[in-house]
Amino acid sequence: MKSKYFLQVIIFCFAVFFTTTAKAELLNSKEAREWAEAKGEQLLQAFSVQNISTKYALLDELFLNYVDLDYVGQFVVGKYWKVMTQEQQLEYRELFRRYALGAYKSFPLAFNYKINFQILKAYVNGSNADVTAQLHFEGLPENDALQNILLGFKLHKGLDGIKIRDLILGESSLILSYRQKFYQMIAADDGEIEWFLEDFRIQIEAMERTNELREEGEYPY
């Protein structure tokens, strides 16, 4: 079951993660590396907190401040964004933020192994950067499949600072995989946006209630 440790790292990065109106700002390689290193360390420190309510609060803050949820939210609904009315877009934006903050809590957020997080390289193109990081789980055999996992982060710098827009594992983009999931959800509602938003809200409310029970210690992880 060692694969659960791998999944825990991935799910926070994107439990997942609108076309931004903020003006793009130029990045440089040093800035991208230092940002990724600092946020990686903050993430690992949050995971190490024992009190679940405190841990959730720290992770929520990281998520809201450093993941570009507006961009991710629009990307995962793709072509359907353009057929939404302005009111539906606003409703969906708020629902997606709640969804993002709720989804990662459904996974165990504690590790039995210390994780070392190292930035290997950063390639910058204007306001965007591709950062490659390596994760190493201390205590596992060196030939274990979880050792030396390579993750790619796509960063973007706007007026509100640097934020994560995608996570790449191997050749797989997480926001592309989430787009497939959301397309299936909308298709299940016959492409009717109002039905989708209603079902999405019900799903989120159930997820939030389950997470409340986790904090109260009344729900098995």
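Reading guide: rules and limits
Residues numbered from 1 in each chain as written. Predicted model: local features only at pLDDT ≥ 70, side-chain atom pairs only at ≥ 80, totals over all residues. Heavy atoms only, no water. Helix = DSSP H or I, 4+ residues; strand = E, 2+ residues; numbered from the N terminus. Buried < 20%, exposed > 50% of the residue type's maximum accessible area, 1.4 Å probe, protein only. Areas by Shrake-Rupley, 256 points an atom, 1.4 Å probe, with all protein chains shown as cover. Salt bridge = Lys/Arg side-chain N within 4 Å of Asp/Glu carboxyl O. Phe/Tyr/Trp six-rings, centres within 6.5 Å; stacked < 30°, edge-to-face > 60°. Lys NZ or Arg CZ within 6 Å of the ring centre and 35° of its normal. Pairing = 2+ DSSP bridges. Polar contact = N/O pair within 3.5 Å; in protein donor to acceptor, adjacent residues only side chain to side chain.

1. Brief notes about the overall build of the chain
For the chain, the count of helices and strands is seven helices and five strands. When burial is assessed residue by residue, the chain has 47% of its 221 residues classed as buried. For the chain, the computed accessible surface area is about 11,500 Å², with 51% contributed by carbon and sulfur atoms.

2. Observations concerning the pattern of salt bridges
Pairing is possible between side chains of opposite charge, provided their charged atoms come close. The final tally for this structure, using the stated rule, is ten salt bridges. Among the salt bridges present, the one from Lys154 reaches Asp130, with a minimum N-O distance of 2.8 Å. A residue pair is termed long-range when its members are at least 10 positions apart, and Lys154 in strand 3 (residues 149-158) and Asp130 in strand 2 (residues 128-137) qualify at 24 residues. Given the relative accessible area of 33%, Asp130 is considered partly exposed.

3. Digging into the packing of aromatic side chains
With the rule as written, the count across this model stands at 16 aromatic pairs. Arranged with centres 6.1 Å apart and planes meeting at 25°, the rings of Tyr71 and Phe75 form a pair that is stacked. On the criterion of helical spacing, the pair formed by Tyr71 and Phe75 is a turn pair, its members being four residues apart in helix 4 (residues 69-77). Clustering of aromatic rings is evident, with ring pairs tying together Trp81, Tyr92, Phe96, Tyr99, Phe182, Phe196 and Phe200. Directly above the ring of Tyr56 sits Lys105, whose terminal nitrogen or CZ lies 5.2 Å from the centroid. A cation over an aromatic ring shows up here: Arg165 above the ring of Tyr71, its NZ or CZ 4.0 Å from the ring centre.

4. Structural notes on the sheet that holds strand 5 (residues 172-173)
Taken in spatial order, the five strands line up as 1-2-3-4-5 in an open sheet, and their pairing is antiparallel. Edge positions in the open sheet fall to strand 1 (115-125) and strand 5, since each of these has one partner strand only. When strand 4 (residues 161-169) meets strand 5, the two strands line up antiparallel, connected through two bridges. When the sheet's bridge partners are listed, Ile168 is paired in strand 5 with Ser173.

5. So, the side chain of Gln89
Following the sequence through the fold, Gln89 ends up in helix 5 (residues 86-103). Classification of Gln89 by relative accessible area gives buried; the value is 19%. Only 3.1 Å separates the side chain of Gln89 from the backbone oxygen of Trp81, close enough to count as a polar contact.

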